[in-house]
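Summary of the model geometry
If you want the building blocks of each chain, they are given just below.
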Amino acid sequence: MSDDINAINNDVNVKREENKLLAVISLIFLSFALGTSEFIVIGVLTDISESLKITEVMAGSLVSMFALAYSVCTPFSAAIAGKFNRFHFIIFASILFILGNYLCSLASSYLFLLIIRMFIAIISGALISVSISFSPYISTKEKRPMTVAWIYSGFSIASIFGVPIGTTISYKFGWRASFIFISVFSILILIMMFLTLPRNTSIHKVKLISQFIIFKDIRFILSTFTILFGAASSYVLYTYLKPIFLNYVHIPNKYISFALLVFGIAVLFSNLLSGKLAENNGVYRLRFIFASQFLCMIFLPIAFNNEISSALIILIIVFLMYLMNSPVQLNILDFTEREYPSCLTLASSNNSFSFNFGIALGSFVGSTIFDNYGLKWVGFGGAFLSLLAFLCVVILYNKIDKNVLNV
């Protein structure tokens, strides 16, 4: 009899583990859709500028304004989300995300497209924050670093497959078809989340403004600026990746999708290695990452004199871009669970809003240098921002309780 009970319990445990795995996969797919929607403009920037009769710099502002709306609104949308059942919120927000991408495909003017893109940015910030806050319910404490890393890896996978696929669709059928592709795929993800995500998660009864107490913690502030400056450094370059491919690496337009695929693979490995760093005192090791990023940016103008050196140094910069994500975010989640449990959803949004502040800042710095000095010199702006990220992470490490680190 006891053997039968044990067998039943084992079957139940296996079923639970399978459900947790499917839940993680559904959230990876969600971040894939969010990443594809966010980054697709980079792959179709030239097509949008020609279609709407605007300059490439103006089209590039779709990237920076998306990031700005994302970063400014995400803390508030995450705080609001924290007051609701996670399952209900993620389903409702996903429906709005699908609608927003479909409306992008109908845009006939720059202003309309900009407004809808900013709407999607606000929804996206809330969605990824709630996704990360599901991690305690779908993984063990030991597996959480890699769970978070895999959820974030959806953005990397978007760079590998989503953006190149969207760029190819744009090349064949026009850029509007790329947004229809995102909408259709997101409907499938919505169904998967509905079937797999846990429905009963804890809700903390806390006032909206009270959650922002975490912004007074110096560790949270330093984490925010570490991600912000690190992302800004990369996006000085990354915003104008397609023009750089065309003008300096000399890749023909029809092969841009393949180039984005190759560089996207580097981004994926960056994200997964980020999870490994988080398991092994990653915050300390980030100082070496930012020092490497600084050196690459300094030598970028020289590298642009040759196609091979251009491709190689850009590949290194892209690989370094996401290594900071999991170490910083896991450190935030650790001290938030211990000291600010009611702020978990808001804390989960840190990486999202700080990274997108960085995208906005990096795009602005990149466009300013591009306009005034030429695309070749954007690396100097990236180097300065890498230096700021280095200083922030050094100070952050000195503020961490070393007893809770895996040293």
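Thresholds applied
Residues numbered from 1 in each chain as written. Predicted model: local features only at pLDDT ≥ 70, side-chain atom pairs only at ≥ 80, totals over all residues. Heavy atoms only, no water. pLDDT = per-residue confidence, 0-100. Contact = heavy atoms within 4.5 Å. Patch = residues over 30% accessible without salt bridge, like charges linked within 9 Å, V, L, I, M, F, W, Y side chains within 5 Å. Areas by Shrake-Rupley, 256 points an atom, 1.4 Å probe, with all protein chains shown as cover. Salt bridge = Lys/Arg side-chain N within 4 Å of Asp/Glu carboxyl O. Helix = DSSP H or I, 4+ residues; strand = E, 2+ residues; numbered from the N terminus. Buried < 20%, exposed > 50% of the residue type's maximum accessible area, 1.4 Å probe, protein only. 1 Å grid on protein atoms, 1.4 Å probe; cavity = no way out; pocket = protein on both sides within 12 Å on 5 of 7 lines; lining within 4 Å. Points joined across faces, edges and corners; volume = space filled by probe spheres on them. Nonpolar A, V, L, I, M, F, W, Y, C, P; charged D, E, K, R; others polar.

Glancing now at the confidence of the model for the chain. Scored by pLDDT, the chain has a mean of 83; 92% of the residues are at 70 or more. Ignoring residues within four places in sequence, the model shows residues 4-15, a span with pLDDT below 50, making zero contacts including any to other chains. For the stretch residues 403-407, pLDDT sits under 50, and the model shows nine contacts to residues farther than four places along the chain or on other chains.

Looking now at a nonpolar patch on the surface. A contiguous nonpolar patch, built from L295, I298, F299, I302, Y373, W377 and F380 and spanning about 740 Å² of accessible area, is present on the exposed surface. Here the element with the most residues in the nonpolar patch is helix 11 (residues 282-303); it accounts for four residues. In this structure, F380 sits in helix 16 (residues 378-399).

Secondary-structure assignment places M324 in the loop between helix 12 (307-320) and helix 13 (325-339). A relative accessible area of 2% means that M324 is categorised as buried. As for M324 and A231, which are separated by 93 residues in sequence, their C-alpha atoms are 9.1 Å apart. Apart from the residues lying within four places of it in its own chain, the contact partners of M324 are T226, I227, G230, A231, S274, L286, F290 and F355.

Gaps left between atoms show up when a probe the size of a water molecule is rolled over them. What the rule picks out here adds up to seven cavities of 30 Å³ or more. What the largest cavity holds in volume is close to 120 Å³. Along its surface, the largest cavity is lined by 13 residues, and F155, Y322, N351, F355 and N356 are the ones closest to its centre. Mapped by element, the contributors of at least two residues to the lining of the largest cavity are helix 1 (2-51), helix 6 (144-173) and helix 15 (350-373). Take the lining of the largest cavity: its biggest share by element is five residues, from helix 15. Of the residues that constitute the lining of the largest cavity, the class distribution is eight nonpolar, four polar and one charged.

In total, this model carries three salt bridges according to the counting rule given. Between E339 and R219 there is a salt bridge whose closest N-O contact spans 2.7 Å. Placement of E339 in helix 13 and of R219 in helix 8 (residues 218-238) is noted, with a sequence separation of 120 residues between them. The partly exposed category is assigned to E339, whose relative accessible area is 40%. The partner of E339 in a salt bridge is R338, and the shortest N-O contact between them spans 3.8 Å. Salt bridges linked by common partners bring D217, R219, R338 and E339 together as one network.

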